[in-house]
Amino acid sequence: PLYAVLLRKLIPSRSPPPEPSHLQPALLEYPEQAIAACLRELRRVARLCLQSLRLAGQTILFAHKAKDVQTIHLNEQAINEIKQAMKDYLARLTRRHLSKRQAILAQHLDRCMSDLERIGDHVETICNLSLRRQKVPEAVVDKESFDTAFRLYENALHLFKLVIDSLDPDRENFQEIAQQILQARDDYMQDSLNTRSAFTEKVAQRAITPIAGIFFSEYISALDRIVKHSKSI
């Protein structure tokens, strides 16, 4: 800790410090508070995923910056480490006396952390797809096709924001936001089917190249998986 303080004074960061972990060991003596801390930690991780998803979709998809790519990769490393920390924390929590409800919640918290980690993987896939596509001139598509795919991305982004809101332990209307998420998921899946069909038709009509069809099919698949894990959470 002393070295950390010294380094912060000698080399101050230009950006604000990241949100600290909520997995405080002292809370393990109070299972209900520890479970609320786990929910806040899930929300912290989800915000990292959201930052990466925004960068992958709104920045790198158009014209990437090395710093944005680095941020996505660093976020993914952080998410992987937090996943392990969460599993260790929950394992320690289960050594306490838990009520039936708390024991069941602990299982779901562990699964949600795994879902978020997978979402981070799929966001990184979108980033890598864009970096590869920018090196293939034949993968460029017309504005109408691009806008169709981008709307699907925005729908996935909207759904994931709802998931983040749902991870607030102080909420009183969990069922209400759960229904909003499920409705957003249903809307997304219909839009996904329409988007995939539209790109297949354009490839068949030679309106876009086959390689462009492959890239955008992979984009859609990655977004579908993000939405699948969001619905699971």
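Here, every reference points to the structure presented above.
My aim in this report is to walk through the structure given alongside it, one point at a time.

Definitions and cut-offs
Residues numbered from 1 in each chain as written. Predicted model: local features only at pLDDT ≥ 70, side-chain atom pairs only at ≥ 80, totals over all residues. Heavy atoms only, no water. Salt bridge = Lys/Arg side-chain N within 4 Å of Asp/Glu carboxyl O. Helix = DSSP H or I, 4+ residues; strand = E, 2+ residues; numbered from the N terminus. Buried < 20%, exposed > 50% of the residue type's maximum accessible area, 1.4 Å probe, protein only. Phe/Tyr/Trp six-rings, centres within 6.5 Å; stacked < 30°, edge-to-face > 60°.

### A word on the pattern of salt bridges
Then comes step 1: For the coordinates displayed, the defined rule picks out 15 salt bridges.
Then comes step 2: Of the charged contacts, one joins Lys-83 and Glu-117 as a salt bridge, the two residues approaching to 3.6 Å between their closest N and O atoms. Taken together, the residues span a long stretch of sequence, with Lys-83 in helix α3 (residues 66-93) and Glu-117 in helix α4 (residues 100-133) at a distance of 34 residues.
Then comes step 3: Its relative accessible area of 11% is what places Glu-117 among the buried residues.
Then comes step 4: Between Asp-186 and Arg-185 there is a salt bridge whose closest N-O contact spans 3.5 Å.
Then comes step 5: Take Asp-186: its relative accessible area is 42%, and that puts it in the partly exposed class.
Then comes step 6: Salt bridges sharing partners connect three or more residues here, namely Arg-43, Asp-165 and Asp-168.

### What to know about the packing of aromatic side chains
Then comes step 1: Enumeration over the complete set of coordinates arrives at four aromatic pairs.
Then comes step 2: A ring pair is formed by Phe-199 and Phe-216, whose centres lie 5.0 Å apart and whose planes are at 15°; its orientation type is stacked. Of this pair, Phe-199 sits in helix α6 (residues 174-204) while Phe-216 sits in helix α7 (residues 210-232), and the two are 17 residues apart along the sequence. Across the pair, Phe-216 and Phe-199 agree in class, each one buried.
Then comes step 3: Each residue in the set Phe-146, Phe-150 and Tyr-153 is aromatic and connected to the rest through ring pairs, giving one cluster.

Purely geometric numbers; function is a separate question.
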